[in-house]
Amino acid sequence: MTLPSARRAQDELPLEDEAALCSIEILAEAVEMAFVPGILELRTLRDALREARRTRSSAAVRLAYSAFSRVDPEFRNRISHHALTLATLRRRSGGRMPAGTPVSERSSGRGIDGPRRA
C-alpha cells in the first residue's frame with residue numbers, strides 16, 4: 001500500500017524520459033494542427049499538454065491523458081494521424097522539426113483541418 005504523501009511526492013517528480021517528453025511535444029503539435037476554436041475539449045487538451053511540457057510532472061501527464069480520452073473520437077483520430085505523421089517526419093530528420101517559430105506562435109488559434117465550428 002502506498003502512502004498518500006509518498007504518492008504526492010512521486011507525482012511532483014519531474015519526468016526525465018526523453019522519449020516521453022518528445023511524445024508530449026509531438027502530440028501538442030498535432031493538437032495545434034487539429035485545433036478548432038470553440039471546442040472546449042480541444043482547448044482543455046491543448047492547455048493540459050502545455051502544462052505537461054512546462055512542468056514535466058507525472059500528474060500533468062496523467063491530466064493530459066485524461067483530457068485526450070475526453071476528446072471526440074473523430075478529433076482523436078485526426079490528432080493521432082497528425083502525431084504519427086509528425087513523428088515519422090521527426091524520425092526521418094533525426095530530431096526536431098524544422099520550424100521558424102514555436103508551435104504556440106505558429107498557430108493563431110486555428111487548426112488546419114476542415115471547417116471551423118464556433
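Residue positions are given per chain, counting from 1 as you read along its sequence in written order. For a predicted model such as this one, the threshold for reporting local features is a pLDDT of at least 70, and the threshold for listing and counting side-chain atom pairs is 80 or more; totals across whole chains, interfaces and linings nevertheless cover every residue. Excluding hydrogens and water, the side-chain figures rest on all heavy atoms present in the structure.

### Digging into the overall build of the protein
So, point 1. Helix and strand definitions follow DSSP, with helices as H or I runs of at least four residues and strands as E runs of at least two, each counted in order from the N terminus. Helix and strand counts for the protein stand at six helices and zero strands.
So, point 2. Reading the helices (α) and strands (β) of the protein from amino to carboxyl end gives α-α-α-α-α-α.
So, point 3. Summary of the burial criterion: residues with accessible area below 20% of their type's maximum are buried, those above 50% are exposed, and those between are partly exposed, where the area comes from a 1.4 Å probe applied to protein chains only. For the protein, the proportion of its 118 residues judged to be buried stands at 31%.
So, point 4. Residues count as neighbours in contact if any of their non-hydrogen atoms are within 4.5 Å of one another. Of the contacts made within the protein by residues no fewer than 6 positions apart, 69% connect residues no fewer than 24 positions apart.
So, point 5. As displayed, the protein offers around 7,700 Å² of accessible surface, 55% of which is attributable to carbon and sulfur atoms. Per-residue and other accessible areas follow the Shrake-Rupley method at a 1.4 Å probe size, with only the shown protein chains counted as cover for residues.

### Focus: the packing of helix 2 (residues 18-34) against helix 3 (residues 40-55)
So, point 1. Where helix 2 contacts helix 3, the two axes come as close as 10 Å, and the packing angle between them is 155°. Comparing the axis directions of helix 2 and helix 3 gives the class roughly antiparallel. With respect to the hand of their crossing, helix 2 and helix 3 are arranged in left-handed fashion. Between helix 2 and helix 3, the residues in contact are Ile24, Glu25, Leu27, Ala28, Val31, Glu32 and Ala34 and Leu42, Leu45, Arg46, Leu49, Arg50, Ala52 and Arg53, respectively. Axis lines are fitted to C-alpha atoms, over the contacting stretch for helices. Their N-to-C directions set the angle, which ranges from 0 to 180 degrees. Every angle not falling under 35 degrees, over 145, or within 65 to 115 is termed oblique; those three ranges are roughly parallel, roughly antiparallel and roughly perpendicular. By the definition used in this description, the sense in which the near helix is turned from the far one sets the handedness, with an anticlockwise turn below a right angle giving left-handed and a clockwise turn giving right-handed.

### Focus on the nonpolar core
So, point 1. The nonpolar core is taken to be a set of buried Ala, Val, Leu, Ile, Met, Phe, Trp, Tyr and Cys residues, with the residues joined through side-chain atoms within 4.5 Å. Ranked by size, the top nonpolar core spans 23 residues in total, and within it Leu42, Leu45, Leu49, Phe75 and Ile79 carry the most contacts.
So, point 2. Considering every element that reaches this core, the biggest residue donor is helix 2, with six residues.

### Describing unusual backbone geometry
A negative phi angle characterises most non-glycine residues, just as the trans form characterises most peptide bonds.
So, point 1. Its identity as a non-glycine residue notwithstanding, Arg56 has a phi of 55°, on the positive side.
So, point 2. Considering the arrangement of structural elements, one finds Arg56 in the loop between helix 3 and helix 4 (58-69).

### Things to note about helix 3
So, point 1. For a helix, the expected span equals 1.5 Å multiplied by the number of residues minus one. Taking 1.5 Å of rise per residue, the 16 residues of helix 3 would be expected to cover 22 Å, and the 22 Å separating its terminal C-alpha atoms lies within 8% of that figure.
So, point 2. Along helix 3, the residues classified as buried are Leu42, Leu45, Arg46, Ala48, Leu49 and Ala52. Take helix 3 and look down its axis: the buried residues cluster within an arc of 165°, on one side only.
So, point 3. In this structure, the buried residues of helix 3 make contact with helix 2, helix 4 and helix 5 (73-93).
So, point 4. The first or second residue beyond helix 3 is Arg56, which carries a positive phi of 55°. Think of the arc as the fan of directions from the helix axis to the C-beta atoms.

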